[in-house]
Amino acid sequence: MHPGCERSDKFSEAVTAFSNDFPNHKLPGYLIIGVEDKTRKPVGLHVTDALLQNLAGLRSNGNIQPLPAITVVKYELIGGEVAVVEVIASSLPPLLGFRRESVDFLFGIAFLCR
């Protein structure tokens, strides 16, 4: 398991938080997967198509309503690859995040961390 995947259950929460632009800054938020929190250096993650698809699926998996506007991109840096989820501030906050305790959701999170 790659570093950061143990927090994958927080990805939907982060997207929800970035979408809710209550101060009305109108700036995007960024969820960056594959970097060390403290040093901000790549951790050697291999960003697969499956990972990118799962991150893009955060938009429409039913856990965030109304649907957020996101873009998912892979970057190759010295030291490893990173996946970046750009979350556009919503013009209609609040967006609400939901947790579903279903088998499908748990498998989706486990698959995201491979």
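Owing to the predicted nature of the structure, the values given are computational and were not obtained by experimental measurement. Residues take numbers from 1 onward in each chain, read along the sequence in its written order. Local features are withheld for residues below a pLDDT of 70 in this predicted model, meaning they are given only at 70 or higher, and side-chain atom pairs are given and counted only at 80 or more; totals for whole chains, interfaces and linings count all residues. Side-chain metrics in this entry use all non-hydrogen atoms of the structure; hydrogen atoms and water are not considered.

Some details on the sheet that holds strand β3 (residues 69-77)
Definition in use: The pairing criterion for strands is at least two bridges between them, as found by DSSP. Only runs of H or I of at least four residues qualify as helices and only runs of E of at least two qualify as strands under DSSP, and these elements are numbered from the N terminus. To define axes, lines are fitted to C-alpha atoms, for helices over the stretch in contact only, and angles between the resulting N-to-C directions are given on a 0 to 180 degree scale. Whether two residues touch is decided by their heavy atoms; if any such pair falls within 4.5 Å, the residues are in contact.
Judged by pairing direction, the sheet is antiparallel, and its 3 strands sit side by side in the order β1-β4-β3 without closing on themselves. The open sheet is flanked by β1 (29-33) and β3, the only strands paired with a single partner. The average undirected angle you get between the axes of adjacent strands in this sheet is 20°. Of the pairings in the sheet, the one linking β1 to strand β4 (residues 80-88) comprises 5 bridges and is antiparallel in character. Counterpart to I32 in the pairing with β4 is V84. Sheet contacts for helix α1 (residues 11-19): β1, β3 and β4; angle to β1, the most-contacted strand, approximately 160°.

Points about the side chain of E81
Along the polypeptide, E81 turns up in strand β4. For E81, the residues in contact, after removing those within four places along its chain, are G34, L45, H46, V47, K74, Y75 and E76.

Notes on the nonpolar core
We apply this condition: To define a nonpolar core, start from buried Ala, Val, Leu, Ile, Met, Phe, Trp, Tyr and Cys residues and group those joined through side-chain atoms within 4.5 Å. Relative accessible area decides the class of each residue, using a 1.4 Å probe on protein chains only: under 20% of the type maximum gives buried, over 50% gives exposed, and in between gives partly exposed.
Core analysis: the largest hydrophobic core is formed by 16 residues, its most contacted members being V15, L31, I33, L55 and V85. Where this core is concerned, the elements lending two or more residues are α1, β1, α2 (49-56) and β4. When residues no more than four places from it in sequence are discounted, the contact partners of L31 are F11, A14, V15, F18, A83, V84 and V85.

What to know about the pattern of salt bridges
Test applied: The salt bridge definition used is simple: a Lys or Arg side-chain nitrogen within 4 Å of an Asp or Glu carboxyl oxygen.
Across all of its chains, the model carries 2 salt bridges by this definition. K10 is paired through a salt bridge with E13; the nearest N and O atoms lie 3.7 Å apart. The exposure class of K10 is partly exposed, given its relative accessible area of 41%. A salt bridge links E81 to K74; its shortest N-O distance comes to 3.6 Å. With relative accessibility at 13%, the residue E81 sits in the buried group. Among the residues examined, K74 registers a relative accessible area of 32% and is labelled partly exposed.

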